[in-house]
Amino acid sequence: MQTIISKIDSNDIDKNELKKHSELLKNGETVIFPTETVYGLGANALDENAVKKIYEAKGRPSDNPLIVHIHNKDLIYDLSKDIDDKAKKVIDKFWPGPLTVILKKNDKVPKTTTGGLDTVAIRMPKNDIALELLRECNLPIAAPSANISGKPSPTNGKHVVDSMNGRVAGIIIGDDCDYGLESTVVDFTEEIPMILRPGSITKKDLENVIGKVEIDPSLLNHEDNKKAKAPGMKYKHYSPDAEVFIVSGKNDDVIEKINSLIDENDKNGLKSGVLCLEKNKKKYKGKVISLGENFKEVGRNLFNSLITMDNEKINVVYSEEFLDDEVGMAIMNRLLKSSGYKVIRV
Ligand code: TXA
Ligand code: MG
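None of these values were measured; they are calculated from a predicted model.

1. Some points on the domain arrangement of the protein
And step 1. For the protein, the assigned domains read domain 1 (4-220) and domain 2 (243-345).
And step 2. Here the C-alpha centre of domain 2 lies 28 Å away from the C-alpha centre of domain 1.
And step 3. Residue-level contacts link 24 residues of domain 1 with 17 residues of domain 2.
And step 4. The junction of domain 1 with domain 2 conceals about 1700 Å² of combined surface from both sides, 60% of it contributed by carbon and sulfur atoms.
And step 5. Summed over the three residues of domain 1 that lose the most area to domain 2, namely His-159, Leu-181 and Pro-198, the buried surface amounts to 32% of that side.
And step 6. If you look at where domain 1 meets domain 2, you find two salt bridges.
And step 7. Measuring nitrogen to oxygen at the nearest pair gives 3.3 Å for the salt bridge that ties Lys-204 to Glu-326.
And step 8. Those elements that provide at least two residues to the side of domain 1 that touches domain 2 are α6 (157-164) and α8 (217-220).

This is the structure in structure tokens:
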């Protein structure tokens, strides 16, 4: 497939260039666009044939439902019904932004979009290019992360083009994504809202607005992963070609352990990589990528660093652990999946 690739400046959006892509969407084609979380691979959410092209381009299982993107809060009434007051409150507080709400779907939304479910996931992204594109085509756009299914989600234009050129009709390259982790997914169809996927908007953030919020228990115990309530959470996910291990323990012990593992790998002809906080960067051997000075930066850099490790043909990646009860939860959720839950404790 010939892919139309456009680089668009978010500070000075070229409307003519953008229109090419909104036309593709109106014609039932797929377009990749930047959001504040990760790049999304979009198509008309109300057109089953268009949605099928998303699943094909990603190689995604068809029971894994998609998030529908809108440019105006009121569009939730076009797509869903029985909307809980708590959902309205968080939408008012956090949209546009990295939060997805699960609501009961109405008849307009095809089950191809919702992976066969009676609920629909909706979000309003906080990215000027995404919002302008949604406004211009005036359609709800279903968009999963723009990676081949199972791989880390792309957060910059180069990684999108590397893996998706020829698989979609259009690609819009914008800035690197602000957050780098996918949106927090919250189910509002039960009495107490439940986080199905942790993200940059945390349990605390939500509870400040609506009181008690639960976390899908399967997120806290990986043995339960297969029972995850968000279908997408049960699949192998975010996995680079390299084998990933998380190393857990006191800072100095972790450094010593990783360096000794790297020595072993060297002997066996394996190339090693390390993902760490900036403060530890100079203490490691191997290919070292600092993910940043704080957890917000770690979130932003995690996926693109995993992809960089693959581009550098690294065989084994060791990551430090990033624990806290805020964005650390989202980071560790992605890292644990990337590693297939392989944690080395020292
Ligand atoms: O930040 C994001 O959310 C990005 C950008 C592009 O918006 N999108 C994204 O989509 O991450 P995707 O398809 O990679 O992940 C959607 C997640 C999956 O875990 C899926 O199972 C869950 O949301 N999900 C979608 N609809 C659902 C529903 N009706 N009920 C439960 N989980 C749902
Ligand atoms: Mg995804």
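2. Looking at the side chain of Asn-147
And step 1. Looking at the secondary structure, you find Asn-147 in the loop between β8 (141-142) and α6.
And step 2. The buried category is assigned to Asn-147, whose relative accessible area is 3%.
And step 3. At a separation of 2.6 Å, a polar atom in the side chain of Asn-147 contacts the side chain of Ser-145.
And step 4. A polar side-chain atom of Asn-147 sits 3.0 Å from the main-chain carbonyl oxygen of Lys-151.
And step 5. Setting aside residues no more than four positions away along its own chain, Asn-147 makes contact with Lys-58, Pro-152, Ser-153, Pro-154 and Met-164.

3. Details of unusual backbone geometry
And step 1. Here the amide bond leading from Trp-95 into Pro-96 is cis, since omega sits at -5 degrees, within 30 degrees of zero.
And step 2. Along the chain, the position of Pro-96 falls in the loop between α4 (85-94) and β6 (99-105).
And step 3. With phi around 50 degrees, Asp-82 is a residue other than glycine that occupies positive phi space.
And step 4. With respect to the helices, strands and loops of the structure, Asp-82 is situated in the loop between β5 (80-81) and α4.
And step 5. A residue is classified by how much of its surface remains accessible, and Asp-82, at 58% relative accessible area, is exposed.
And step 6. With a phi angle near 60 degrees, Lys-313 is a residue other than glycine that sits in the positive phi range.
And step 7. Within the fold, Lys-313 resides in the loop between α10 (295-311) and β16 (316-319).
And step 8. Overall, the relative accessible area of 61% leaves Lys-313 in the exposed class.

4. With respect to the packing of α4 against helix α7 (residues 203-210)
And step 1. Viewed as axis vectors pointing N to C, α4 and α7 meet at an angle of 115 degrees, and their least axial separation amounts to 9 Å. Crossing handedness for the pair α4 and α7: right-handed. Every residue of α7 that contacts α4 at Lys-86, Lys-89, Val-90, Lys-93 and Phe-94 is listed here: Asp-205, Leu-206, Val-209 and Ile-210.
And step 2. Split into classes, the residues belonging to the contact of α4 with α7 amount to five nonpolar, no polar and four charged.

5. A few points about the pattern of salt bridges
And step 1. Going through the model one piece at a time under the given rule, you end up with 17 salt bridges.
And step 2. For Asp-118, the salt bridge goes to Lys-111, with nearest N and O atoms at 3.1 Å.
And step 3. Here Glu-243 makes a salt bridge to Lys-342, at a shortest N to O gap of 3.7 Å. One end of the pair, Glu-243, is in strand β13 (residues 243-248); the other, Lys-342, is in the loop between α11 (327-338) and β17 (343-345), and 99 residues separate them in sequence.

6. Brief notes about a negative patch on the surface
And step 1. A cluster of acidic side chains, namely Asp-9, Asp-12, Asp-14, Asp-175, Asp-176 and Asp-178, defines a negative patch on the protein surface.
And step 2. Structurally, Asp-178 can be placed in the loop between β9 (170-173) and β10 (184-187).
And step 3. Given the relative accessible area of 47%, Asp-178 is considered partly exposed.

Reading the values: rules and limits
Residues numbered from 1 in each chain as written. Chains lettered and ligands numbered in written order. Predicted model: local features only at pLDDT ≥ 70, side-chain atom pairs only at ≥ 80, totals over all residues. Heavy atoms only, no water. Domains from an automatic or database assignment. Contact = heavy atoms within 4.5 Å. Buried area = accessible area lost by both parts, 1.4 Å probe. Salt bridge = Lys/Arg side-chain N within 4 Å of Asp/Glu carboxyl O. Helix = DSSP H or I, 4+ residues; strand = E, 2+ residues; numbered from the N terminus. Buried < 20%, exposed > 50% of the residue type's maximum accessible area, 1.4 Å probe, protein only. Polar contact = N/O pair within 3.5 Å; in protein donor to acceptor, adjacent residues only side chain to side chain. Axes fitted to C-alpha atoms, helices over the stretch in contact; angles between N-to-C directions. Left-handed = near helix turned anticlockwise from the far one by under 90°. Nonpolar A, V, L, I, M, F, W, Y, C, P; charged D, E, K, R; others polar. Patch = residues over 30% accessible without salt bridge, like charges linked within 9 Å, V, L, I, M, F, W, Y side chains within 5 Å. Areas by Shrake-Rupley, 256 points an atom, 1.4 Å probe, with all protein chains shown as cover. Lys, Arg positive; Asp, Glu negative; His and termini not counted. Charge placed at Lys NZ, Arg CZ, Asp CG, Glu CD.

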